[in-house]
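Examining the three-dimensional arrangement
The residues making up each chain are set out below.
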Amino acid sequence: MDLPGYGYARAAKTARRGFQQLLRDYLSGREELAGVVWLLDVRREPTADDRAMAQLLAARDTPMLVAITKADKLARARRTERARTILQTIGIPGDQVVVTSARTRDGIGELRDAVERLVDRLR
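Residues numbered from 1 in each chain as written. Predicted model: local features only at pLDDT ≥ 70, side-chain atom pairs only at ≥ 80, totals over all residues. Heavy atoms only, no water.

A word on the pairing of strand β1 (residues 36–41)
The cut-off we apply is this: The pairing criterion for strands is at least two bridges between them, as found by DSSP. The numbering of helices and of strands both runs from the N terminus, where a helix is a DSSP run of H or I of at least 4 residues and a strand a run of E of at least 2. Every crossover in which the path from the first strand over the helix to the second runs clockwise, viewed with the strands pointing away from the viewer, is termed right-handed.
Pairing of β1 with strand β2 (residues 64–69), which is carried by 6 bridges, proceeds in the parallel orientation. Within the sheet, the bridge partner assigned to W38 lies in β2 and is V66. Regarding topology, helix α2 (residues 48–59) serves as the crossover connection from β1 to the parallel β2, and that connection is right-handed.

A look at the sheet that holds β2
Rule in force here: Where helices are involved, their axes are fitted lines through C-alpha atoms of the stretch in contact, as for all axes, and angles between N-to-C directions lie from 0 to 180°. We call two residues in contact whenever any of their non-hydrogen atoms come within 4.5 Å of each other.
Strand order across the open sheet formed by 3 strands is β1-β2-β3, with parallel pairing between neighbours. Of all the strands in the sheet, the pair left with one neighbour each is β1 and β3 (97–99). Across this sheet, the average inter-strand angle for adjacent strands is 20°, counted without regard to direction. With 3 bridges connecting them, β2 and β3 associate as parallel partners. Of the residues in β3, the one forming a bridge with V66 is V97. Running over the sheet, α2 touches β1 and β2 and is turned about 165° from β1. This element, helix α4 (residues 108–120), spans β1, β2 and β3 of the sheet and lies at about 170° to β2.

Regarding α4
Put simply, the rule reads: Here a helix's expected span is defined as the number of its residues, less one, multiplied by 1.5 Å. Exposure is judged per residue with a 1.4 Å probe applied to protein chains only, and the accessible area is read against the type maximum: over 50% gives exposed, under 20% gives buried, and values in between give partly exposed. In this description, one arc is meant: the one made by directions from the helix axis to the C-beta atoms.
Compared with the 18 Å implied by 1.5 Å per residue over 13 residues, the 18 Å span of α4 between its first and last C-alpha is a close match. The set of residues buried in α4 consists of I108, L111, A114 and L118. Around the axis of α4, the buried residues are gathered within 120° of arc, so they sit on the same side. Those residues of α4 that are exposed and angled more than 90 degrees off the buried face are E110 and R117. In this fold, the buried residues of α4 make contact with β1, β2 and β3.

Dropping the structure here:
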């Protein structure tokens, strides 16, 4: 499932609540869900929706890999600081994150390897 911009969609509160319920229903109906690769923009603060998603996935014991994207938009020291802040905010351990940039290809090999490890655990 791809949810581009779900945390930043401009919608009325009732529409956002409906969207959140759709996500909960989708995830609860997927017992065979192998895991989640969650893309978060390094430049954005995690939202209340992001924190709720992290809690939902943790409660389901869903394996999770966080790909922090757009790393090329920040200096190396700043991106490391931002990645740490994002993980602390949503309560995700550091071993479940890969900082990436599609433009420079930084972290893409690591992300691929991490996804393969996630899939291999299920075999």
